[in-house]
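# Observations on the three-dimensional arrangement
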Amino acid sequence: MNAQNVNSSAPNVAEAAVLLQSVEMPEDAVLIQGPDFNQKLSLSDLMGSYKSMGFQASGLGEAIDIIKEMRKWRLSDEPIAEDESEDYRDMETRKNTKCKIFVGYTSNLVSSGVREIIRFLVQHKMVDVLVTTAGGIEEDFIKCLAPTYLGDFNLKGADLRKQGLNRIGNMLVPNNNYCKFEEWVMPILDKMLEEQKKEEKIWTPSSMIRRLGEEINDESSIYYWAAKNDIPVFCPAITDGSLGDMIYFHSYRNPGLIVDIAADIRNMNSQAVFAKKSGMIILGGGLVKHHICNANMMRNGADFAVYINTAQEFDGSDAGARPDEAVSWGKIRADSRSVKVYAEASLVFPLIVAETFAKEYHEEKGKSS
């Protein structure tokens, strides 16, 4: 008989490998635990359980905590620095100085129902600076003129083209919507050109967006409220969409309109440079993510950062980069609180807002009523 079969003891190497002793976990270690649906849970109860669930649920819980902290921060929480200017030595001023919150989002989110969530934040002055793409501007105005419809991801492009229907994921935008947009925006571009000639007005993307927000005069619009509440909106790629198409057509019909991108970069960077504390909430990637991060590099990084997107970092893309990569560039501070939630924004951003901005808004409203 083989000696290996007779030995009653397990091999030492196997025992050592399988029965390796663990270190003691620290007392403040978070235990993994999910919600108990034997209890009647409110939405807030459910969201409160996310941080201890693991995987992206924990990331979502961390995002909620970070946003609560950036909203709670006041300059009065910090000691007065020796080189502090006289303006910020007054305690009342310090109590009223908040963290500046930058929000960036891609155009598809304005096409979706996330638009109404962003509008809520802007309507109630809960955020300070917006950055988006050209589509993130025009889609808001177009929705004031005509609706977007739910479709299907599997609808055939060739069939839709014949029907004059444009597909954005599983949403449909009739091409007539863009015709209505042209009818609305062209006379405004004419007036802007006239002011440029008569008053030597210098138009920038942000001042153009503000003007369009004033002209739309529709409370369902993000940019109506941005104009009303004096919240700047930056769009460095303003020609990359239907608005750019309109500017192109206008250059033939009534040439001469100039939109100065250079003036806006100073305005955008100044928003970050002169902020006492800075927080970033970035939905999606690409231009909006980099533009906000780059502005915050001018102040040696943001103090808080929440990224929400589905991109991966293996291809070296800016969209896929985790917050730690931004730390290496000085776009997020080394001692900051930051998280990336790997999720599609329309799925998780409503939950985050429900547990932070909206919850606090309705609590305050309840106190005052």
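Computed from a predicted structure; not experimentally measured.

## Let's talk about the state of the cysteines
Under the counting rule described, the total for this entry stands at zero disulfides. Cysteine Cys-99 remains unbridged, with the sulfur of Cys-293 as its closest cysteine sulfur at 14 Å. Taking relative accessible area as the criterion, Cys-99 reaches 4% and is therefore assigned buried. We note that Cys-235 lacks a disulfide partner, and the nearest cysteine sulfur, in Cys-144, lies 17 Å from it.

## Describing the packing of helix H10 (residues 175–199) against helix H11 (residues 205–216)
Where H10 meets H11, the axes come as close as 11 Å, and the angle between the chain directions of the two elements is 125°. Taken together, the axes of H10 and H11 are oblique relative to one another. Handedness of the crossing formed by H10 with H11: right-handed. Residues Trp-184, Val-185, Ile-188, Leu-189, Lys-191, Met-192 and Glu-195 of H10 form the contact with H11, whose participating residues are Met-208, Arg-211, Leu-212, Glu-215 and Ile-216.

## Some points on the sheet that holds strand S3 (residues 149–150)
The strand order across the open sheet built from three strands is S3-S5-S4, with neighbouring strands paired in antiparallel fashion. Whereas interior strands pair on both sides, the edge strands pair on one side only; in this sheet they are S3 and strand S4 (165–168). Taken together, the two bridges between S3 and strand S5 (residues 171–174) define a ladder with antiparallel strand orientation. Across the sheet, the residue bridging to Tyr-149 is Leu-172, located in S5.

## A look at helix H15 (residues 287–297)
Every buried residue of H15 is listed here: Val-288, Lys-289, His-291, Ile-292, Cys-293, Ala-295 and Asn-296. For H15, the secondary structure elements touched by its buried residues are strand S1 (100–105), strand S2 (129–132), helix H14 (261–273), strand S7 (278–283) and strand S8 (302–309).

## Details of the packing of aromatic side chains
In this structure the tally under the stated criterion is seven aromatic pairs. On the numbers, 5.4 Å between centres and 55° between planes, the contact of Tyr-248 with Phe-249 is tilted. Classification of Phe-249 by relative accessible area gives partly exposed; the value is 35%. Of the aromatic side chains, those joined through ring pairs into one cluster are Phe-141, Phe-181, Trp-184 and Tyr-223. The residue whose ring lies beneath Lys-201 is Trp-203, and the NZ or CZ to ring-centre distance is 4.8 Å. A cation over a ring is seen here: Lys-276 above Tyr-88, with NZ or CZ 4.5 Å from the ring centre.

Criteria and thresholds
Residues numbered from 1 in each chain as written. Predicted model: local features only at pLDDT ≥ 70, side-chain atom pairs only at ≥ 80, totals over all residues. Heavy atoms only, no water. Disulfide = S-S within 2.5 Å. Buried < 20%, exposed > 50% of the residue type's maximum accessible area, 1.4 Å probe, protein only. Axes fitted to C-alpha atoms, helices over the stretch in contact; angles between N-to-C directions. Helix = DSSP H or I, 4+ residues; strand = E, 2+ residues; numbered from the N terminus. Parallel < 35°, antiparallel > 145°, perpendicular 65-115°, else oblique. Left-handed = near helix turned anticlockwise from the far one by under 90°. Contact = heavy atoms within 4.5 Å. Pairing = 2+ DSSP bridges. Phe/Tyr/Trp six-rings, centres within 6.5 Å; stacked < 30°, edge-to-face > 60°. Lys NZ or Arg CZ within 6 Å of the ring centre and 35° of its normal.

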